[in-house]
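Descriptive structure summary
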Amino acid sequence: MLHDPNRIFVFDTTLRDGEQVPGSQLTTPEKIIIGEALQALGVDVIEAGFPISSPGDFQSVVELSKVVREPIICALTRANKGDIDCAAAALKHAKRPRIHTGIGSSDMHIKYKFNSTREAILARAVEAVKYAKQFVEDVEFYAEDAGRADNEYLAQMIEAVIAAGATVVNIPDTNGYCLPEQYGAKIRFLKENVKNIDQAIIAVHCHNDLGLATANSIAGLQNGARQVECTINGIGERAGNTSLEEVVMVLKTHQSLNLHTNINTKHLYPLSGTVSRMMRMPVQPNKAIVGRNAFAHSSGIHQDGVLKHRETYEIINPEDVGIDQSEIILTARSGRHALKHHLERLGYAIDRIDLDQTYQRFLLLADEKKEIKDDDLLRLMGDEAETNFKNGVTINSLEVTTGDQSDPEATIKLNYKGSEHEATARGNGPVSATIKAIESILGSHNEIKEFNIHSIHGGSDDVSKVDMRVIHGDKSYMGYGFSTDIVRASANAYLDALNKFV
Ligand SMILES: CC(=O)SCCNC(=O)CCNC(=O)[C@H](O)C(C)(C)COP(=O)(O)OP(=O)(O)OC[C@H]1O[C@@H](n2cnc3c(N)ncnc32)[C@H](O)[C@@H]1OP(=O)(O)O
Ligand SMILES: CC(C)C(=O)C(=O)O
């Protein structure tokens, strides 16, 4: 029934299973932003919510259905009429609606959750699919806890729900229990033993309780499943779901699997950041594909290799997932090649430096600090004073008003081109007001790519250190500023960067 037998349909459930993470609940406008980004990413199905669960979730499915028109919009239900009625109502504006209904299929669920029998549960499954079919053509059935279900019984259930009209049959490893070989064999068993299986698409929906969600999903796809259910950053109930970016990049990297998706992988990293911020779920630094360290190299042998030929230590081109470039992080485990690379990047003429001697001094500093940043290198090279304010744009005074009753406002007096200039500006915070005031005097706007505030010792009365990367033309300049006032430290950092090119 599929045009392309090797095409994998990506079913994203960030807004439903992902949103089951405690503290990650989204508002309707947030769901719409993520939904539109998922559409741009190229997912085939968006599971938008569980409409019966709350009026807010119902409304989110309604609103998302109105504006996100390309992917199928799916709503989850239990196997009962009330849930299905509610999902059908929530999907009434969807261009391509799908109801996702289902029930537990393992003896554990049948006995303890439902206090029921296999026969009665199978009958409820069929009834739910038939009922959902009265509202929409596209009905997906989930056999909850299929990972622990008896394969013979599961096959009977799947055959019955396909006969009742299910277009997609989802075989969830709800508790992340299976080994990849077991899960792959389960999908193969269904392919071989369910008579009408070719009338539906098999979906894999794996949880990560043993860290096997991606491996299990791939095993399922290798054995005949053609829809993968996943979430951005792998978020979801308990240890999470299969991570969309992982499964997509496995398929892209291993062309020999001969399976492909419609995902525009360059959107993966930006969308990971959006989801992380909106759901208040930081991405672990070593997370595959989208973690901060996924393309960061910090040990000398690796750094040397990457600098000589990126692919010695990178199986994925960071640009393919929307990351500008890999990072070479200087630590006490770095070698001369990495140090030279950073010194050259900061504009030092390497032929005028005694690299061995600099490297020894670098190691002493690196043993004291976990990471050597640009400002540490500048200080190591004794260069900071030289670049700081060398073109003479300096601050004479800075007054800032801020609070929660009006927009923050900054008035700044700068020494610029031999005379004093004053400007006032408003922003969404005191730092943005100050930067805008500086820019109105200098008559230029520069993008700030990175902006970090650190306290040196830790107290609220501490000196803050601000570093920022300012983009000017096709170059970027680091700026550093210090002050007990974070706004003043930010202004100092901005001017430090500006003075390198003004
Ligand atoms: C594996 C998954 O991720 S499934 C999705 C999980 N997501 C959620 O649960 C979030 C949304 N859930 C909710 O908002 C609420 O739990 C609701 C609205 C669905 C139900 O709330 P309540 O009616 O108060 O029931 P509660 O959640 O306490 O218990 C679940 C009931 O549903 C039944 N049930 C559970 N799964 C199913 C199913 N697939 N089909 C039919 N009934 C089911 C349980 O047996 C229990 O019924 P009982 O009251 O007869 O014992
Ligand atoms: C609702 C189903 C698909 C689910 O989330 C699970 O079984 O994990």
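All figures in this text were calculated on a predicted structure; none of them were measured in a lab. Here, residues in each chain are numbered from 1, in the same order as that chain's written sequence. Ligands are numbered from 1 and chains lettered from A, in the order in which they are written. For a predicted model such as this one, the threshold for reporting local features is a pLDDT of at least 70, and the threshold for listing and counting side-chain atom pairs is 80 or more; totals across whole chains, interfaces and linings nevertheless cover every residue. Excluding hydrogens and water, the side-chain figures rest on all heavy atoms present in the structure.

Let us look at the UniProt feature "binding site: Mn(2+)" (unreviewed entry) in the protein. With numbering aligned to this structure, UniProt lists the feature "binding site: Mn(2+)" (unreviewed entry) at Asp17, His205, His207 and Asn241. Across 225 residues of sequence, these annotated residues stay compact in space, with a maximum C-alpha separation of 10.4 Å. Numbering of helices and strands runs from the N terminus; a helix is a DSSP stretch of H or I covering at least four residues, while a strand is a stretch of E covering at least two. Examined against the element boundaries, aspartate 17 turns out to sit in the loop between strand E1 (9–12) and helix H1 (28–41). In this description, contact between two residues means that some pair of their heavy atoms is separated by no more than 4.5 Å. Residues in contact with aspartate 17, not counting those within four places in the same chain, are His205, His207, Gly236, Glu237 and Asn241. With respect to the helices, strands and loops of the structure, histidine 207 is situated in the loop between strand E7 (201–206) and helix H8 (213–222). A relative accessible area of 4% means that histidine 207 is categorised as buried. Dropping the residues within four chain positions of it, histidine 207 is found in contact with Asp17, Asp173, Thr174, Gly176, Ala213, Glu237, Arg238, Gly240 and Asn241. Counted as a polar contact is a pair of N or O atoms within 3.5 Å, where, for protein atoms, one must be capable of donating a hydrogen and the other of accepting one, and residues adjacent in sequence contribute only when both atoms are in side chains. Side chain to side chain, histidine 207 and aspartate 17 meet in a polar contact 3.2 Å long. UniProt positions are given in the numbering used here, feature names are shortened, and annotations may be inferred rather than shown by experiment. Only protein chains enter the calculation, and the probe is 1.4 Å; a residue is then buried if its accessible area is under 20% of its type maximum, exposed if over 50%, and partly exposed in between.

All right, on to the site of ligand 1 then. Among the 15 residues in the neighbourhood of ligand 1, the closest are listed as Ser53, Arg78, Ala79, Gly102 and Glu144. At a separation of 3.2 Å, an oxygen atom of ligand 1 approaches a polar side-chain atom of arginine 16. Within the complex, the protein chains bury 52% of what would otherwise be the 1,000 Å² of accessible surface of ligand 1. Listed by contribution, the elements that provide at least two residues to the shell around ligand 1 are strand E4 (97–104) and strand E5 (139–144). Side-chain classes are defined by residue name, with Ala, Val, Leu, Ile, Met, Phe, Trp, Tyr, Cys and Pro counting as nonpolar, Asp, Glu, Lys and Arg as charged, and the others, Gly among them, as polar. Considering only residue class, the shell around ligand 1 consists of 6 nonpolar, 4 polar and 5 charged. Distances are taken per atom, and a residue is near a molecule or strand as soon as one of its heavy atoms is within 4 Å of it. Per-residue and other accessible areas follow the Shrake-Rupley method at a 1.4 Å probe size, with only the shown protein chains counted as cover for residues.

With respect to spatial proximity, the complete set of residues near ligand 2 consists of Arg16, Asp17, Leu76, His100, Tyr142, Glu144, Asn170, Pro172, Thr174, His205 and His207. Within the side chain of aspartate 17, one N or O atom sits 3.1 Å away from an oxygen atom of ligand 2. The separation between an oxygen atom of ligand 2 and a polar side-chain atom of histidine 207 is 3.0 Å. Sorting the residues of the shell around ligand 2 by element identifies E5 and strand E6 (168–173) as the ones contributing at least two each. The residue makeup of the shell around ligand 2, split by class, is 3 nonpolar, 5 polar and 3 charged.

If you trace the backbone, threonine 13 turns up in the loop between E1 and H1. Reaching out from threonine 13, the side chain makes a polar contact with the side chain of glutamate 47 at a distance of 2.8 Å. Sequence-distant contacts of threonine 13, defined by excluding residues within four places in its chain, comprise Gly18, Glu47, His205, Cys230, Thr231 and Asn241.

With that out of the way, let us pick up helix H10 (residues 268–278). An α-helix turns once per 3.6 residues; consequently, residues spaced three or four apart project the same way. Looking at H10, one finds that the buried residues are Leu268, Leu271, Ser272, Thr274, Val275, Ser276 and Met278. Against the buried residues of H10 lie H1 and helix H9 (244–253).

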